[in-house]
Amino acid sequence: MSRAPRINPERFAPVPVEQPPGPLRAFVALMLPPVLMGLMLLGLYAWTRWNLPPHRQFLMPSAGDLWAQALSRPEVLAELWNRSLVTITIAVTGLCVSIPLGMAIGIVMFRFHVMERAVFPYLVALQSIPILAIIPLIQSALGFGFMPKVLIVALFTFFAFPTTLLLGLKSLDRGILNLFRLQGASWWAMLWKAGLPSAAPALFAGFRISTGMAIIGAVTSELFFLAGKGGLGQMLINAKTDFKYEQMYAALIASSALSITVYLVFTWAGNRLFASWHESAARRG
Amino acid sequence: MSTASSPAAALSFDKVSMQYPDGTLALDGVDLRIAAGEFVSVVGPSGCGKSTLLKLASGLETHTGGEIWVDRSNLGYTFQDATLLPWRTVLPNVELLMELRGVPAAERRRIAMDQIELVGLKGFENHYPKRLSGGMRMRAALARSLALNPGVFMFDEPFGALDEITRERLIDELIALYLRKGFTGLFITHSIPEAVYLSSRVVVMSRRPGRIIAEFDIPFAWPRTPELRYDPEFTRLAGEVSVALRRAIEE
């Protein structure tokens, strides 16, 4: 039988409580890393441009040129604004197709397990199709109007809705399900009062990703459709054709800004909607 | 309702068996008769099928042999956790069961407010479950069932996850509710003192396949006070139940 080892107590001194940093220092600690990173990226851009032979420097316009040729000109700004509206219209209309359709398919798959078995593999297959590659096909079949672009956006964004919704519905707490069953509640009552609210945060995460994708889808679709009144994607192509690279960069910045804005709005709205009850939506410190 | 086999019983099991599709026999010939207004606790070794017994009584699962007589029209039921809807505050949570039964909104609200006051949650109507303690969540769950004015109230180890102090307080509150509302209680627990303190009768189940192997009438007067827990007679009865339970595990 082994005995317990001899005990040698060590002294542990108290450690005074650290003062929390002031608001200014906290702000600097929060903002400094991304700002520094941004400055470094701009430096990398400038350095790369400086190293280009002069006849290729048009590929990377300087800040001065970008301002002088694009961002300071009212007619360019007006064009950016109008074309952004067109892009947003395409994206929103596409989402108006993919959201109800995707949600309906998610609900049907949840209701009938056999439908999940039947449909889910094809959803995954649809996701694996390079949508860029079938845009010419859509163009040949449906022409150059508004609807083909909407279809492309719908294809880009569709996948997230049935899958996130199904996942959310399936993770409904078993006890809550039994609570409803004990009252003899109808399947619709369960869906409406338990399933959908419970799945809402997961679905919302899908929204947040898909709406950003919708902007990308709308811009991409227009790269192939140069007829008619187009959005930012058309401006990108037109500016390239006319060698107005400053305007092309301006359109690029505008489309990124749209995607980021959509993402931020949905993040903010998600926090507002779910922070009071859902763990994952709670603000991180 | 015709209760030809047992006119006085509020709930009765007649040679009830339960076999799962894989062949496992969970319950084997359970006979249990609970008179209206009785409060019966079921204790047994873990995995003996006491929760299954409750699921059969409530209709969450169906039995494969024997007969069950039960009035489920205003069934009260608490799960092992509070099972509140996390996206609803306390008031709409308490209203939920009435909502599913189509009780008009104004009446629903009035009844819910009464029950919330009864379980001591007044002032917390607009709190989300996330912001309540475990004991408060369980009180909200009790209020939700009480709102149906249950004739039969079933409890599936409801206080198992709570700390000792909170649990003892909730048991006293549950006894007060039982005396006030007069429902018939069926309480599943693994705590012998809890069962003896709370019940008019304690039933001991065997290991799987579950059968009822002993019953104890608990004669203490209502309402029961915390001092009862240190009464020699209480200790003696709890000891007897404990011996029966140990025999159930070892046999």
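The residue numbers shown here count from 1 along each chain, following its written sequence. Lettering of chains starts at A and numbering of ligands starts at 1, both following the order in which they are written. Restriction of local features to residues with pLDDT of at least 70 applies here, the model being predicted, together with a cutoff of 80 or more for giving and counting side-chain atom pairs; totals for whole chains, interfaces and linings are based on all residues.

Examining the domain arrangement of chain B
All names here are of chain B. The line we're drawing: Each domain's limits were defined by an automated method or a database of domain assignments. Any pair of residues counts as being in contact when their C-beta atoms, constructed from backbone geometry, are within 7 Å of one another. In this count, Pro and Cys sit with the nonpolar residues alongside Ala, Val, Leu, Ile, Met, Phe, Trp and Tyr, while Asp, Glu, Lys and Arg are called charged and the others, Gly among them, polar.
Segmentation of chain B into domains returns domain 1 (1–75 + 157–251) and domain 2 (84–149). Relative to domain 2, the C-alpha centre of domain 1 lies at a distance of 26 Å. The interface of domain 1 with domain 2 comprises nine residues on the first partner and six residues on the second. Across the side of domain 1 that touches domain 2, the residue classes tally to six nonpolar, two polar and one charged.

Some remarks on unusual backbone geometry
All names here are of chain B. Quick note on the threshold: Secondary structure elements follow DSSP: runs of H or I no shorter than four residues count as helices, runs of E no shorter than two count as strands, and numbering proceeds from the N terminus. Note on burial: count the other C-beta atoms lying within 10 Å of the residue's C-beta; 20 or more is buried, 12 or fewer is exposed, in between is partly exposed, and C-beta positions come from the backbone.
The omega torsion across Arg 208 and Pro 209 is 0 degrees, close enough to zero to call that bond cis. Position of Pro 209 among the secondary structure elements: in the loop between strand S8 (201–205) and strand S9 (212–217). In this structure, the amide linkage connecting Trp 222 to the following residue, Pro 223, adopts the cis form with an omega of -10 degrees. Looking at the element boundaries, Pro 223 is found in the loop between S9 and helix H7 (232–250). Phi is positive for Thr 83, close to 50 degrees, though the residue is something other than glycine. Looking at the element boundaries, Thr 83 is found in the loop between strand S5 (76–78) and helix H2 (90–100). C-beta crowding within 10 Å serves as the criterion here: with 21 such atoms nearby, Thr 83 is assigned to the buried category. Within the chain, Asn 149 stands out as a residue other than glycine whose phi angle is a positive 50 degrees. You can see Asn 149 is positioned in the loop between helix H4 (134–146) and strand S6 (152–156). Among the residues examined, Asn 149 registers 12 C-beta atoms within 10 Å and is labelled exposed.

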